[in-house]
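Given next are the chains, with one letter for each unit.
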Amino acid sequence: MRYLIFTNTPAHVHVYKNVVRRLEDRGHEVRILARDYTCTKDLLEYYDLPFEIYGHHDTAAYSNVGMARELATQLLTIPVSAKRFDPDVVVGLGAYAAYAGTLLRAETILLRDSAPGTLLPKLASKFADAVLTPDVYGLDLGPNHYTFPGLKECAYLHPDVFESDPSVREELGVGPDERFVMLRFNSFDAMHDAGKKGFSLEDRRKLIEHLSEQATVLVSDEGDNMDFDDLPARPYDIHPARMHDALAEASLLVADTGTMVTEASLLGTPAIRSSAFVDQEFGEFAELERYGLIDNITDFDTVVERADELLADESVPARWQERRRTFMDERVNLTELVVDVVTDPRAVSKNASLTRYSERKGVEQTDATPL
């Protein structure tokens, strides 16, 4: 079989890297169509995955004209590259995969998680043979929508597929017992980020200066806008593939973006999410907060206060690891599930780890952005 997989962000590379290896081990041929966005290409090369670039996206401020031009170029490039590979199955997290699969009349499997809006997810799902989402997803995507117990990050951070490497401390330049805090600042350059903002530059500086009094501060700045010359912090500047090892060793993550907060929680690292989407909350973050793994906070002063509490409590590391174990014990190894589905798409309804969305019990059915 021939599998075409789309990776539009660095997180997508992580979601599918183990899937690619499993499929290749079984003798299948796999090709990744990737968007060159932040460190996506670096990760693909690091993991030695078979890929081709179909488009580019930088972290400049959002522009309607620029986004339209970028989209038009990619919609012209994707069919050419996809047809050249001639896949039997197309896999991805959204509209590009549905688009390619429809044009090629290939089996199409989408793996979605919560995102702002309802129109695009619903539209893309109409062209998919199966859509897989976390069981906390709150939008009905049609008769081929199935849910699994877990989050998309379970494809690469489930204990069955990931074990952290503490040697990352040496690369980061922190001692074996040195406490450090990771800060993640979003660039808010994606289409769904239009009109949204995270920490202001002033708030970033205040946060860094305050936390540096208690721990070493490392900053991952997606937009690359920070000047560290007069700040008591330094950038996270080792290979992005080592980020999850770094998160596992950190005492705390504070972020104004979502993915790394989820990743930290699945590693048992306390995480504070300062959400820019105050009017659109998503199921996975509510679920993680229910398990006591993250804090969703909008007020900046409250973010600082909660960070102080977490860093001052010596029992936090052990308690968070126990919470992580409890959470992960109830979640599926998503890599194995995806491999099972894509190698036999027509048997998706028989998979014991999946539940048809419309048949879920005890879950309120809603037709709105996940809450």
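Residues numbered from 1 in each chain as written. Predicted model: local features only at pLDDT ≥ 70, side-chain atom pairs only at ≥ 80, totals over all residues. Heavy atoms only, no water.

Could you give an account of the confidence of the model for the chain, with specific residues and numbers?
The predicted model of the chain has a mean per-residue pLDDT of 90, with 90% of residues at 70 or higher. Overall, residues 188-196 carries pLDDT values under 50, and its contacts beyond four positions in sequence, including any with other chains, amount to 29 contacts. Scored below 50 in pLDDT, residues 364-371 shows 28 contacts in the model against residues more than four places distant or in partner chains. (pLDDT = per-residue confidence, 0-100. Contact = heavy atoms within 4.5 Å.)

Kindly report on the sheet that holds strand E9 (residues 216-221), identifying the contributing residues and their values.
Strand order in this open sheet of six strands is E10-E9-E8-E11-E12-E13, and the pairing throughout is parallel. At either end of the open sheet lies a strand with only one pairing partner, and these are strand E10 (234-235) and strand E13 (294-296). Where strand E8 (residues 180-185) lies against E9, six bridges are found, and the strand directions are parallel. Residue pairing across strands places Val181 opposite Val217, the latter belonging to E9. Along the sheet face, helix H8 (residues 201-211) touches E8, E9 and strand E11 (252-255) and points at about 175 degrees away from the line of E8. Contacts from helix H11 (residues 283-290) reach strand E12 (271-273) and E13 within the one sheet, and its direction differs from that of E13 by about 125 degrees. (Pairing = 2+ DSSP bridges. Helix = DSSP H or I, 4+ residues; strand = E, 2+ residues; numbered from the N terminus. Axes fitted to C-alpha atoms, helices over the stretch in contact; angles between N-to-C directions.)

Could you give me a rundown of the side chain of Thr257, with the residues and numbers involved?
By the element assignment, Thr257 lies in the loop between E11 and helix H10 (259-266). Setting aside its immediate chain neighbours within four residues, Thr257 contacts Arg184, Asn186 and Arg273.

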